[in-house]
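Descriptive analysis of the structure
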Amino acid sequence: MAFTEDLSVFLDLNGFGVPVVAGAVSGVGILDQNSELILGGEITIIDYLLTVPTATFGSLSYGDAITVDGASYKVETQPQRFDDGTFCRVPLVLGIAATFKLLLEDGFIFLLETGGALLLD
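Keep in mind the model is a prediction, meaning the values are calculated, not measured.

**Some words on the overall build of the protein chain**
Each helix and strand counted, the protein chain has 1 helix and 10 strands in total. When the helices and strands of the protein chain are read in sequence order from the N terminus, they spell out β-β-β-α-β-β-β-β-β-β-β. Taken over 121 residues, the protein chain has a buried fraction of 27%. For the protein chain, restricting intrachain contacts to residue pairs at least 6 apart in sequence, the fraction spanning at least 24 positions comes to 36%. Accessible surface, the protein chain as shown: approximately 8100 Å² in total, 55% of it carbon and sulfur.

Below, the structure is given as structure tokens:
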């Protein structure tokens, strides 16, 4: 006899779950926001990692637009299955401009998603 899991136990909107929309597909996921200090504590980097059911969101690919809890993101890399493959982790970047901002002594430098850079005085 096969064991059937109820995934809604893990993805409860009254718990850790948040609404997720990618194109015409919608569901619930868990968004982790891990931060790391670099350059002697001068800059904080935030990594966004979304855990979702593989059957619903496993076909996402690099650059796909996705809305998580009302905020816009872009998929950073292919979804990564873990454990038995029921769930996958999707690394995200903020979709506002999909840029990283570094504060320099003389101004700001934006490292663009395309690999270019923009220096503002």
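**Brief notes about the confidence of the model for the protein chain**
Of all residues in the protein chain, 70% have pLDDT values of 70 or greater, and the mean over the chain is 77. Averaged over each element, pLDDT in the protein chain is lowest for strand 8 (residues 100-104) (47) and highest for strand 1 (residues 18-22) (94).

**What to know about unusual backbone geometry**
Both trends apply: most residues other than glycine have a negative phi, and most peptide bonds are in trans. Its identity as a non-glycine residue notwithstanding, Asp-69 has a phi of 55°, on the positive side. Relative to the helices and strands, Asp-69 is located in the loop between strand 4 (65-68) and strand 5 (71-75).

**Things to note about the packing of aromatic side chains**
A ring pair, where both rings are aromatic, is described by two values, the distance of the centres and the angle of the planes. Taken as a whole and assessed by the stated rule, the structure comprises 1 aromatic pair. Lying across the ring of Phe-82, Arg-89 places its NZ or CZ 3.7 Å from the centre.

**A word on the pairing of strand 1**
On strand 1, burial follows the alternation: Val-18, Val-20 and Ala-22 on one face are buried, whereas Pro-19 and Val-21 on the facing-out side are not. Taken together, the 2 bridges between strand 1 and strand 4 define a ladder with antiparallel strand orientation. Note on strand 4: the bridge partner recorded for Val-21 is Thr-67.

**What about the environment of Leu-92?**
Tracing the backbone shows Leu-92 in strand 7 (residues 87-94). Here the alpha-carbon distance between Leu-92 and Val-68, two residues 24 residues apart in the chain, equals 10.0 Å. When near neighbours in sequence (up to four residues on either side) are disregarded, Leu-92 contacts Leu-31, Tyr-48, Leu-50, Ile-66, Val-68, Tyr-73, Lys-74, Val-75 and Glu-76.

**Structural notes on the nonpolar core**
Judged by nonpolar contacts, the single largest core of 16 residues is most densely connected at Leu-31, Leu-50, Ile-66, Val-68, Val-90 and Leu-92. Contributing elements (two or more residues each) for this core: strand 1, strand 3 (43-53), strand 4, strand 5 and strand 7. Ignoring any residue separated from it by four or fewer positions in sequence, one finds Val-68 in contact with Val-18, Pro-19, Val-20, Leu-31, Leu-50, Tyr-73 and Leu-92.

**Brief notes about the pairing of strand 4**
By the alternation rule, side chains of strand 4 split into Ile-66 and Val-68, which are all buried, and Ala-65 and Thr-67, of which none is buried. In terms of strand pairing, strand 4 meets strand 5 through 4 bridges, oriented antiparallel. Residue pairing in the sheet places Val-68 in a bridge with Ala-71 of strand 5. With antiparallel pairing between neighbouring strands as the criterion, strand 4 and strand 5 make up a hairpin whose turn holds 2 residues, including Asp-69 at a positive phi of roughly 55°.

What counts as what
- Residues numbered from 1 in each chain as written.
- Predicted model: local features only at pLDDT ≥ 70, side-chain atom pairs only at ≥ 80, totals over all residues.
- Heavy atoms only, no water.
- Helix = DSSP H or I, 4+ residues; strand = E, 2+ residues; numbered from the N terminus.
- Buried < 20%, exposed > 50% of the residue type's maximum accessible area, 1.4 Å probe, protein only.
- Contact = heavy atoms within 4.5 Å.
- Areas by Shrake-Rupley, 256 points an atom, 1.4 Å probe, with all protein chains shown as cover.
- pLDDT = per-residue confidence, 0-100.
- Phe/Tyr/Trp six-rings, centres within 6.5 Å; stacked < 30°, edge-to-face > 60°.
- Lys NZ or Arg CZ within 6 Å of the ring centre and 35° of its normal.
- Pairing = 2+ DSSP bridges.
- Core = buried A, V, L, I, M, F, W, Y, C linked by side-chain atoms within 4.5 Å.

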